[in-house]
Each structure stands twice: as C-alpha cells, then as structure tokens.
Amino acid sequence: MSALAASTGAINLGQGFPDVDGPEAIKRAAMAAIEAGHNQYPPGAGIPALRAAVATHQRRHYRLEVDPETEVLITTGATEALAAAVLALAGPGDEVLTLEPFYDSYAAVIALAGAAHTTAPLVRGPAGFRLDPAALRLAFTDRTRIVLLNSPHNPTGTVLTRAELTLIAQLATAHDAIVITDEVYEHLVYDGAEHIPVATLPGMAARTLTISSVGKSFSFTGWKIGWVAGPAALVEAVRTVKQFLTYVSGAPFQPAVATALTDAAASAWVVDLAASLAGRRDLLCAGLERAGFDVIRPQGTYFVVADGAPLGFDDGAELCRRLPELAGVVGVPVSAFTRAGSAADAALRSAVRFTFVKRESVLREAVIRLAELAAR
C-alpha cells in the first residue's frame, strides 16, 4: 500500500509511521552518542543504562519489578523481540494463540517456528471490538504453548479491559501457557482507557514476557530499539535466539533511548503526543463518517477501522486498490490481518484500516479527498 501511495501520489494513511520526529533533546542525545564514539557493538543484552531505564519505566508506570541484569533484554525493535520469543519458546507440535485480526508478523514468525497458529476473534459490538469469552475458551487446548497478546491492539485500536485480561490469564494458567505481550502502544490510549500489562495480574509475572519499544511512544520508528522484560529463564531463552538474529544493534541509539525513558520532559512529550493523537483520531473518524464509512472509534494505537460496505464495497482489498483513483488516499484492508476463511475474515472482509499518525494538515487534506466518495 505504501508503494501504491508513492506511485500514485495518494496520501498514505496505510502504513503507521509518524511524519514528524520525536523530541529534539532525544535526537541530540543520539547525535552526542555518535560523537562520543558509541558506534561499535554494544553488550549482547543491551547497554546497562538502557536496561536499567527499562526496569525503572516498568516500576514507575506499573509497579513491576524486573532485574535489569537478568530480566531485561534490548532488541532490534519489538518485531525482533516477538520473533525471538516465539522461535525460542514454540516449535512443531505447539500452538500459538493470538487474537484475530492480528499484526501480520505474528503469523509469519509462528510459521517460521513450525508451530500451529490458532486464533480467538475480536468481535464488533456496541462498545467496539471486544473479546468473545466463549470463543477464547474454545481456542485454548492442551497444545497451547504461547498466548501472543497485543493490547492496545493493532489493527482495531481496542484496549483490553481488566476483565478480559483476567480471563486470558486464568486460561493461560490453566493450560500452563506462556504469555507474550506486545505493548508497543502502551502510552497511546485515549478517552480514559487504561492500559493494563498482563504481568501485573496476580501470578502472571512468572509466566509473562512483556515486549515494547521506543518507536511508537516517542515517534522514532526507524531507530528500532525494543526490549523484552520478564522471568530470567525466559529472557535468557529469547537472548539465545536473538544473538543469532541481529546479535546487537543501535549502539548510538541505546543511550538516547535510556534518556527518553528517564527524562521528565520526554515523558511529558509522550503525554502531549497521546492528547494530540486523540484529536487527530477524531478528525479522521469524522471525515470517514462523512465520506460514508461505518467507523469503529479506537481507544488506542495509531489506527481506525472503517467499514466500506455502506459505500457499496464488500471487499476491502478491492476498495484499497481503488482508493487512490477514487479519493487520492491509501488504506490497508483488514483482511491483511486475518486468516483466509476464518470467522473474523468473513466479518471484516469489507473493513479498511487507516492511520491518523500524520500531521493535522495532512489529515485535513485526506478528509477533503475522502469526501469525494460520498459524492459518487
């Protein structure tokens, strides 16, 4: 979709990356690290200052205690952390359970591990996309080795509630499954929604690997600095795989990210970003509704899901291929995040994901262009 936007001149509301950088002070910290000579291999687990900053972040925000020496691993973004964790902990004969729709790299890495990918659907209702408890219970089996959980959730923007997370935790415990959580949008929640890490629930710290990154919270998606935090034995298993993937990366970015996670001004910047994104979300949602889409208002992330069926498009993929011609805008079909033939795939066949992590001026122009759909 990004290639389609580039080739047609359409506004790219498909791929979720900001068009404005994060805090200037953090950029300067990275430049200073380069000048200071932080340009060779960092330690395999990540520099001590960054591991300590991750531990401090977990304690300050969630009262989670992790040992930076043995329970934190720095990775090449959250994507590598997720891949290394699945490759380390699952294999042939195991099942890895995700919500559906799911971020596309999940299916790929589960296949690379040789495990079976099972899903539990998020179902649209009056309160947006919510977990289906009965379907979740059915999705667990004696072969469920990992629950790979994403909240705040891409692509739907759902923030799972404490009750939903508690049910997942109870089922994971009953089936002796490890929970791997993708929390990269942890600070980007709106309208009073609360992000609750699974590791904070009773008994779950011992069976949960928490994954996040600097990319989304601080608008430095290209730096690719992520981390894994959790029990030492599980983190060591992930590190054993990670050393044969990238080994290490991001030497001058690691000191800068340590600053970002501990600096009060940088933390305030993230709060302001979330408030700004809530306003940009509202701008795009209103424009999509005026264009004729049925919009599901997100509680978090960069994304909104909009149904093209009211516009006469039952196939979201077809709509996305035609949107540059029809409106000069690009989105991503939600079918890119589902399994062909699944109940979720059928329910979301006409849905499109749009991102609002763009400058307000860009979104206003996109809304003007999308209004052409209503005039068809």
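Source: prediction; values computed, not measured. (Residues numbered from 1 in each chain as written. Predicted model: local features only at pLDDT ≥ 70, side-chain atom pairs only at ≥ 80, totals over all residues. Heavy atoms only, no water.)

Q: Any chance you could explain the packing of helix α11 (residues 316-327) against helix α13 (residues 360-374) here in plain terms?
A: Between two packed helices, what matters for the description is the angle formed by their axes and the separation of those axes. In the contact formed by α11 and α13, the axes pass within 9 Å of each other and the chain directions differ by 100°. In this view, α11 runs roughly perpendicular relative to α13, as classed from their interaxial angle. Only Arg369, Leu370, Glu372 and Leu373 of α13 make contact with α11, whose side of the interface consists of Leu323, Leu326 and Ala327. For the contact of α11 with α13, the class distribution of residues is five nonpolar, no polar and two charged. (Axes fitted to C-alpha atoms, helices over the stretch in contact; angles between N-to-C directions. Helix = DSSP H or I, 4+ residues; strand = E, 2+ residues; numbered from the N terminus. Parallel < 35°, antiparallel > 145°, perpendicular 65-115°, else oblique. Contact = heavy atoms within 4.5 Å. Nonpolar A, V, L, I, M, F, W, Y, C, P; charged D, E, K, R; others polar.)

Q: Sorry, what's going on with the side chain of Thr118 here?
A: Positionally, Thr118 belongs in strand β4 (residues 116-125). For Thr118, a relative accessible area of 16% corresponds to the buried category. Ignoring any residue separated from it by four or fewer positions in sequence, one finds Thr118 in contact with Glu95, Val96, Leu97, Thr98 and Ala139. (Buried < 20%, exposed > 50% of the residue type's maximum accessible area, 1.4 Å probe, protein only.)

Q: Please clarify how helix α3 (residues 48-62) should be interpreted in this entry.
A: Think of an α-helix as 3.6 residues a turn; residues three or four steps apart then line up on the same face. Helix length check: α3 (15 residues) gives 21 Å between terminal C-alpha atoms against 21 Å at 1.5 Å per residue, within 8%. The elements touched by buried residues of α3 are β2 (72-75), β8 (208-213), β9 (226-229) and α9 (253-262). A positive phi of about 60° marks Arg63, the residue just after α3. (Expected span 1.5 Å × (residues − 1).)

Q: When you look at the nonpolar core in this model, what are you seeing that I'm missing?
A: Side chains of a nonpolar character, in soluble globular proteins, are inclined to be buried together. Grouped together as the largest cluster of nonpolar side chains are 68 residues, with contacts concentrated most on Ile180, Leu209, Leu284, Leu288, Phe293, Phe354 and Leu370. Sort the elements by how many residues they give to this core and helix α10 (residues 264-291) lands first, with nine residues. Those residues in contact with Phe293 that sit more than four places away from it in its chain are Leu288, Ala306, Asp307, Gly308, Leu311, Leu319, Phe354, Leu370 and Leu373. Judged by nonpolar contacts, the second largest core, of 29 residues, contains Val198, Ile296, Val305 and Ala351. (Core = buried A, V, L, I, M, F, W, Y, C linked by side-chain atoms within 4.5 Å.)

Q: Which parts of the structure should I look at to understand the sheet that holds β9?
A: Each strand in a sheet pairs with its neighbour through backbone hydrogen bonds, running either in the same direction (parallel) or in the opposite one (antiparallel). In spatial order, the strands read β2-β9-β8-β7-β6-β3-β4-β5; together these eight strands make up an open sheet with mixed pairing. Single-partner strands in this sheet number two, and they are β2 and β5 (128-131). Sheet twist, expressed as the mean angle between neighbouring strand axes with direction ignored, is 25°. Bridge count for strand β6 (residues 144-150) against strand β7 (residues 178-182) is five bridges, and the pairing is parallel. Bridge pairing in β7 places Asn150 opposite Asp182. On the sheet, helix α4 (residues 77-89) packs against β2, β6, β7, β8 and β9 and is oriented at approximately 160° with respect to β8. Packed on one face of the sheet, helix α7 (residues 162-174) meets β5, β6 and β7 and runs near 165° to β6. (Pairing = 2+ DSSP bridges.)

Q: Would you explain the packing of aromatic side chains in this entry?
A: Counting across every chain of the model gives nine aromatic pairs. Seen in terms of ring centroids, Tyr41 and Tyr247 are 5.5 Å apart; in terms of plane orientation they differ by 80°. Their pairing is edge-to-face. With Tyr41 in the loop between α2 (24-35) and α3 and Tyr247 in the loop between α8 (232-242) and α9, this pair connects stretches of sequence that are 206 residues apart. Judged by its relative accessible area of 40%, Tyr247 falls in the partly exposed class. With centroids separated by 6.2 Å and ring planes inclined at 75°, the aromatic side chains of Tyr185 and Phe303 adopt a geometry described as edge-to-face. You can see Tyr185 sitting in the loop between β7 and β8 and its partner Phe303 sitting in strand β11 (residues 303-307), a full 118 residues away along the chain. (Phe/Tyr/Trp six-rings, centres within 6.5 Å; stacked < 30°, edge-to-face > 60°.)

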